[in-house]
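Survey of secondary and tertiary structure
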Amino acid sequence: MTEKVVAEKKAKAGLFDLRGILALLFGVYGVVLTVMGLVSTSQADLDKAAGVNINLWMGVFMLVVALAFLAWARLRPLAVPETTGETATGSTAGSTAATEGGRGN
């Protein structure tokens, strides 16, 4: 295979990588919580949480987790196994016969 085809397969496999989706979700929620912690925290909210600005700290933590997922996806991308073009048609025929025989047909 040419390098272009291999790169295209890796790009398509990367679309199904959950690490990017999780990083996006953690990042969005992290930004929202961080902004809420910085902008709209009242003294009553701090009193409820024993003096800790929990929105701010959880937002920062979620942003760190999002960065960790992005780094993980960047440093260890999905490996696409190279196929030889052969199909395993014989292995599926045996399993089909076994399930039909078990039903009493």
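Below or above, wherever it landed, is the structure these notes cover. Just so it is clear, the structure is predicted and the values come from calculations on it, not from any experiment. (Residues numbered from 1 in each chain as written. Predicted model: local features only at pLDDT ≥ 70, side-chain atom pairs only at ≥ 80, totals over all residues. Heavy atoms only, no water.)

1. Quick notes on the overall build of the protein
On a plain count of helices and strands, the protein comes out with 5 helices and 0 strands. Counting across all 105 residues of the protein, residues that qualify as buried make up 14%. Restricting the contact set of the protein to residue pairs at least 6 apart, pairs at least 24 apart contribute 73%. With the model as given, the accessible surface of the protein reaches about 8,400 Å², and the carbon-plus-sulfur share is 68%. (Helix = DSSP H or I, 4+ residues; strand = E, 2+ residues; numbered from the N terminus. Buried < 20%, exposed > 50% of the residue type's maximum accessible area, 1.4 Å probe, protein only. Contact = heavy atoms within 4.5 Å. Areas by Shrake-Rupley, 256 points an atom, 1.4 Å probe, with all protein chains shown as cover.)

2. Thoughts on the environment of Met 58
Inspection of the secondary structure assignment puts Met 58 in helix H4 (residues 54-75). Owing to a relative accessible area of 39%, Met 58 belongs among the partly exposed residues under this scheme. Separated by 25 residues in sequence, Met 58 and Leu 33 place their C-alpha atoms 7.0 Å apart.

3. Considering the packing of helix H2 (residues 18-39) against H4
Their axes nearest at 7 Å, the elements H2 and H4 cross at an angle of 155°. By the angle between their directions, the pair H2 and H4 is classed as roughly antiparallel. For H2 against H4, the interelement crossing comes out left-handed. Among the residues making up the contact of H2 with H4, the classes are represented as 19 nonpolar, 6 polar and 1 charged. (Axes fitted to C-alpha atoms, helices over the stretch in contact; angles between N-to-C directions. Parallel < 35°, antiparallel > 145°, perpendicular 65-115°, else oblique. Left-handed = near helix turned anticlockwise from the far one by under 90°. Nonpolar A, V, L, I, M, F, W, Y, C, P; charged D, E, K, R; others polar.)

4. Points about the pattern of salt bridges
The full count for this structure, using the stated rule, is 1 salt bridge. Residue Arg 19 pairs with Asp 17 through a salt bridge whose shortest N-O separation is 2.8 Å. By relative accessible area, Asp 17 is classed as buried at 13%. (Salt bridge = Lys/Arg side-chain N within 4 Å of Asp/Glu carboxyl O.)

5. Digging into a nonpolar patch on the surface
Together, Val 52, Ile 54, Trp 57, Met 58, Val 60, Phe 61 and Val 64 give the surface a local cluster of nonpolar side chains, amounting to about 670 Å² of exposed area. Inspection of the secondary structure assignment puts Phe 61 in helix H4. (Patch = residues over 30% accessible without salt bridge, like charges linked within 9 Å, V, L, I, M, F, W, Y side chains within 5 Å.)

6. Structural notes on H2
Since the α-helix advances by 3.6 residues per turn, residues separated by three or four positions end up pointing in the same direction. The end-to-end C-alpha distance of H2 is 32 Å, a good match for the 32 Å that 22 residues give at a rise of 1.5 Å each. Along H2, the residues that are buried comprise Arg 19, Ala 23, Gly 27, Gly 30, Thr 34 and Gly 37. Buried residues of H2 fall within an arc of 105° about the axis and therefore sit on the same side. Turned more than 90 degrees off the buried face of H2, the exposed positions are Leu 18, Leu 24, Tyr 29 and Val 39. (Expected span 1.5 Å × (residues − 1). Arc of directions from axis to C-beta.)

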